[in-house]
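# A closer look at the structure
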Amino acid sequence: MLGADDVLVPEPRRVLVAGTTGVGKTTTAGRIGLALGIRHTEIDSIYHGPDWTPRESFLAEVAAYTSEPTWVTEWQYTLARDMLAARADTLVWINLPVPVALWRLVRRTLRRRLRRTPLWNGNIEPPLWTFFSDPGHIVRWGIRVRHESRKRVPALVHTAPHLRIVHLRTQREVDRFVQHLAERRG
């Protein structure tokens, strides 16, 4: 696996950003897109329909934008993971310490709920008390799956050997990696 300071040749053109919920996948994917001059498609925005229902067109939309020559998105959703890995040339794995990821997830969820921030297709975070009553609540889900990326990403070495994997363990490494991408583009 590569690190934050490794030079990627050729330059990434089809990029996935992986990691557990709360590590900053979407933010980093957007930053990578800006650094490389590539469109970022937020995968959550095409997965979630009104009332948090999965959209029927999800896989078709993923197939459409990943057929393009350049793109950046998050490596999420079991339905799409194999297709995404097969079509990408680079995967950026944000593997922050679990306490950091959980703190960010809790903070983000509270901020979105208290501000009633509109998310995808009119959805907003549910009331805070649902943490106790809904096993699928994003924070409970984040706790439950917090180690999944540590199993899935290393397996890609065998299942997607064409994929360059960049392993980033701290926010400083993430920032340095994105800065290097931007600098190399000039």
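Residues numbered from 1 in each chain as written. Predicted model: local features only at pLDDT ≥ 70, side-chain atom pairs only at ≥ 80, totals over all residues. Heavy atoms only, no water.

### Let's talk about the environment of Arg111
Relative to the helices and strands, Arg111 resides in helix H5 (residues 98-115). Assessed through its relative accessible area of 37%, Arg111 is described here as partly exposed. (Helix = DSSP H or I, 4+ residues; strand = E, 2+ residues; numbered from the N terminus. Buried < 20%, exposed > 50% of the residue type's maximum accessible area, 1.4 Å probe, protein only.)

### Overview of the packing of helix H3 (residues 58-65) against helix H4 (residues 78-87)
Axis separation between H3 and H4 bottoms out at 11 Å; the angle between their running directions is 5 degrees. The angle between the axes of H3 and H4 places the two elements in the roughly parallel class. Here Phe58, Leu59, Val62, Ala63 and Tyr65 of H3 come into contact with H4, specifically with Leu79, Ala80, Met83, Leu84 and Arg87. (Axes fitted to C-alpha atoms, helices over the stretch in contact; angles between N-to-C directions. Parallel < 35°, antiparallel > 145°, perpendicular 65-115°, else oblique. Contact = heavy atoms within 4.5 Å.)

### Some thoughts on a nonpolar patch on the surface
On the surface, Leu110, Leu114 and Leu128 cluster together into a nonpolar patch covering about 270 Å² of accessible area. Note on placement: Leu110 falls in helix H5. What makes Leu110 partly exposed here is its relative accessible area of 35%. (Patch = residues over 30% accessible without salt bridge, like charges linked within 9 Å, V, L, I, M, F, W, Y side chains within 5 Å. Areas by Shrake-Rupley, 256 points an atom, 1.4 Å probe, with all protein chains shown as cover. Salt bridge = Lys/Arg side-chain N within 4 Å of Asp/Glu carboxyl O.)

### Some words on the pattern of salt bridges
Scanning all chains against the criterion turns up 11 salt bridges. With a shortest N-O distance of 2.8 Å, Asp5 and Arg176 are connected by a salt bridge. Of this pair, Asp5 sits in the segment before strand E1 (14-18) while Arg176 sits in helix H9 (residues 171-185), placing them 171 residues apart in sequence. Residue classification places Asp5 among the partly exposed residues on the basis of a relative accessible area of 46%. Looking at Arg176, the relative accessible area reads 31%, which means it is partly exposed. A salt bridge links Arg112 to Glu125; the shortest N-O distance between them is 3.5 Å. Note that Arg112 is positioned in helix H5 and Glu125 in the loop between H5 and helix H6 (130-133), a separation of 13 residues in sequence.

### A few points about the pairing of E1
If a strand is regular, its side chains alternate between the two faces of the sheet. Here E1 lies mainly inside the structure; four of its five residues are buried. Relative to strand E2 (residues 71-74), E1 runs parallel, the two sharing four bridges. Looking at the pairing, Leu16 lines up with Thr73 of E2. Alignment of E1 against strand E3 (residues 90-94), held across four bridges, turns out to be parallel. Bridging from a neighbouring strand, Val17 pairs with Val92 of E3. (Pairing = 2+ DSSP bridges.)

### Description of the side chain of Thr109
Position of Thr109 relative to the elements: it lies in helix H5. Judged by its relative accessible area of 4%, Thr109 is buried. Look past the residues within four positions of Thr109 in its chain and what remains in contact with it is Glu125, His137, Ile138 and Val139.

### Some thoughts on H4
Within the span of H4, buried status applies to Ala80, Arg81, Leu84 and Ala85. Looking straight down H4, one finds that the buried residues subtend no more than 135 degrees of arc, so they occupy a single side. Of the exposed residues in H4, those oriented more than 90 degrees away from the buried face are Leu79, Asp82 and Ala86. (Arc of directions from axis to C-beta.)

### Concerning empty space enclosed by the protein
As enumerated under the stated definition, the model contains one cavity of 30 Å³ or more in all. Taken as a whole, the largest cavity encloses approximately 60 Å³ of empty space. Considering the residues around the largest cavity, the lining is formed by Gly19, Thr20, Val23, Trp93, Ile94, Asn95, Leu96, Val98, Ala101, Arg146, Ser149 and Arg150. Of all the secondary-structure elements, those providing two or more residues to the lining of the largest cavity are E3, H5 and helix H8 (149-159). Residue composition of the lining of the largest cavity, grouped by class: six nonpolar, four polar and two charged. (1 Å grid on protein atoms, 1.4 Å probe; cavity = no way out; pocket = protein on both sides within 12 Å on 5 of 7 lines; lining within 4 Å. Points joined across faces, edges and corners; volume = space filled by probe spheres on them. Nonpolar A, V, L, I, M, F, W, Y, C, P; charged D, E, K, R; others polar.)

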